[in-house]
Amino acid sequence: MSNMDKRREIIDTGIELLEEKLVARTWGNISARIDADNYLITPSGLDYTSMREEDIVSVNIKTGEYTGINRPSGEKGVHSAAYEVFDDVNFVVHTHQTYATAVSLAGFDSLEATAGSPAGSESFDITEEEIEKLGGIALADYGLPGTKEITNACKSALLTGAHTVLMIHHGVLVLGKDKEEAMKRVKLLESICERNVKRVIKDNTLNNYLKALNTCPEDNSSYRYCEVLTDKALIALSNSETEIFSQLDDVSQMIGTKIVTVDSLDKALKLSDNAVLIKGVGALIKAENKDDLEALKVLMNKMAIVKLYTKAKNVKAEISIEESDFMHYDYVTRYSKQNIKNRKI
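Residues numbered from 1 in each chain as written. Predicted model: local features only at pLDDT ≥ 70, side-chain atom pairs only at ≥ 80, totals over all residues. Heavy atoms only, no water.

## Focus: the overall build of the protein
- Across its full length, the protein carries twelve helices and 13 strands.
- Out of the 345 residues belonging to the protein, those deemed buried represent 56%.
- Split by element, the accessible area of the protein, about 15,500 Å² in all, is 49% carbon and sulfur. (Helix = DSSP H or I, 4+ residues; strand = E, 2+ residues; numbered from the N terminus. Buried < 20%, exposed > 50% of the residue type's maximum accessible area, 1.4 Å probe, protein only. Areas by Shrake-Rupley, 256 points an atom, 1.4 Å probe, with all protein chains shown as cover.)

Okay, here's the thing in structure tokens:
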């Protein structure tokens, strides 16, 4: 496959991740090996739908030096680690998929010990065959996005031989000999994690859907777009929590340190927050553009599933207020502006 074909393959993969709701907006990143010393990776802060072949960046595995018209993804360190550890890995995908993210927070003690657990068991339900298809699976400790800490944590997990790594608070890193193998592992992992999460979050704890509101009232001048989300998980969460502190990097970045619950739509509209839970209804999200609105939909649904799952597993997994505030400030002042600048309208 030529260099240009690999660039096109990376872009197509990004669009596939968006369509499958395995990432939102520009989160996540994708790379493909060029040769023994270099790989191609998605740029920082550019959405997949407007990405062009020339936007993809070339990075040296050992030095981290790069060439191209854009800066590489801030997570290039974990991609470099993947190619350094495994000579036969040629494609790497980092996603923010919902159910695997939930499992990463609640964790697992030993997949080998619990493989093939019956559906009614409290152990993590995964078979030996599934573990083999994933290329092995491991859990990486937390580190702030783009830091040496997260790179080192992922590298330690990869050195166990695992080709699928759950990243606490952050998402998933999946490796393959090519795109096809990597994406099969991404989707298999989400299927495995979904059945485990849904086994814990029983359907009888959730309420019925309600009708959605699609636009903001004219007097709500802070935002151009609003929508009421009535996903079952959000309704359940609104009935049980008065405030929720962020457990995920992308939620911290776009929404902030915490999400509060109010008892009416009117109160939710009066708040300046871009995401508010409404008791018995679900959540109100508010955005300046449709792209932000769609991203908030994905993040809020993921946030609710993750919170319900960790609560049911009795796991406390909030990000520190200081780290969450830092990520939100950095996103608002730098990252979101960069994305708007790069977006083709």
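## Some details on the sheet that holds strand β10 (residues 243-245)
- One open sheet accounts for five strands, arranged β9-β13-β12-β11-β10; its pairing is mixed. The open sheet is flanked by β9 (225-229) and β10, the only strands paired with a single partner. If you compare each strand with its neighbour and ignore which way they point, the axes differ by 20 degrees on average.
- Bridging between strand β12 (residues 275-278) and strand β13 (residues 282-287) involves four bridges; their strand directions are antiparallel. Residue pairing for β13: Val276 is matched across the bridge by Leu284.
- Strands β9, β10, β11 (258-262), β12 and β13 of the sheet are contacted by helix α11 (residues 290-312), whose axis makes an angle of about 150 degrees with β13. (Pairing = 2+ DSSP bridges. Axes fitted to C-alpha atoms, helices over the stretch in contact; angles between N-to-C directions. Contact = heavy atoms within 4.5 Å.)

## Observations concerning the sheet that holds strand β4 (residues 66-67)
- With respect to topology, eight strands assemble into an open sheet ordered β4-β3-β2-β1-β5-β8-β7-β6, the strand pairing being mixed. Two strands lie at the open edges of the sheet, namely β4 and β6 (137-140), each paired on one side alone.
- Note: β6 against strand β7 (residues 164-167), four bridges, orientation parallel. Opposite Ala138, over in β7, you have Val165 as the bridge partner.
- Along the sheet, helix α6 (residues 148-158) contacts β6, β7 and β8 (171-176); its crossing angle with β6, the most-contacted strand, is approximately 155 degrees.
- Running over the sheet, helix α7 (residues 179-200) touches β5 (91-95), β6, β7 and β8 and is turned about 145 degrees from β8.

## Side note on helix α2 (residues 76-85)
- Looking at α2, one finds that the buried residues are Val78, His79, Ser80, Ala81, Ala82 and Tyr83.
- Residues of α2 that are buried make contact with β1 (29-33), β2 (38-41), β3 (57-60), β5, α6 and β8.

## Observations regarding the packing of aromatic side chains
- Counted according to the given criterion, the structure contains two aromatic pairs.
- Ring centres of Tyr39 and Tyr83 lie 4.9 Å apart, and the angle between their planes is 35 degrees; this geometry places the pair in the tilted category. With Tyr39 in strand β2 and Tyr83 in helix α2, this residue pair connects regions lying 44 residues apart in the sequence.
- Given a relative accessible area of 0%, Tyr39 falls into the buried group. (Phe/Tyr/Trp six-rings, centres within 6.5 Å; stacked < 30°, edge-to-face > 60°.)

## Examining the packing of α7 against α11
- Where α7 meets α11, the closest approach of the two axes is 9 Å, and the angle between their N-to-C directions is 60 degrees. The angle between α7 and α11 places the two elements in the oblique class. Judged by the twist between their axes, the crossing of α7 over α11 is left-handed. Within the contact between the two elements, α7 uses Asn196, Val197 and Val200 and α11 uses Ile305, Tyr309 and Ala312.
- Residues that form the contact of α7 with α11 fall into these classes: five nonpolar, one polar and no charged. (Parallel < 35°, antiparallel > 145°, perpendicular 65-115°, else oblique. Left-handed = near helix turned anticlockwise from the far one by under 90°. Nonpolar A, V, L, I, M, F, W, Y, C, P; charged D, E, K, R; others polar.)

## As for the pairing of β2
- Two elements, β1 and β2, share three bridges in a ladder whose sense is antiparallel. Bridging from a neighbouring strand, Arg33 pairs with Tyr39 of β2.

## So, the pattern of salt bridges
- The tally for this structure, following the rule as stated, stands at 23 salt bridges.
- Glu84 is paired through a salt bridge with Lys155; the nearest N and O atoms lie 3.6 Å apart. Placement of the pair is Glu84 in helix α2 and Lys155 in helix α6, with a sequence separation of 71 residues.
- Judged by relative accessible area, which is 45%, Glu84 ranks as partly exposed.
- Where Lys184 meets Glu180, a salt bridge forms, and the shortest distance between an N and an O atom there is 3.5 Å. Here Lys184 pairs with Glu180, and both are found in helix α7, just four residues apart, close to one helical turn. Accessibility classification places Lys184 together with Glu180 in one group, the exposed group.
- Connected through shared salt-bridge partners, Glu16, Glu20, Lys179 and Lys187 make up one network. (Salt bridge = Lys/Arg side-chain N within 4 Å of Asp/Glu carboxyl O.)

Don't take any of this as a statement about function, it's just geometry.
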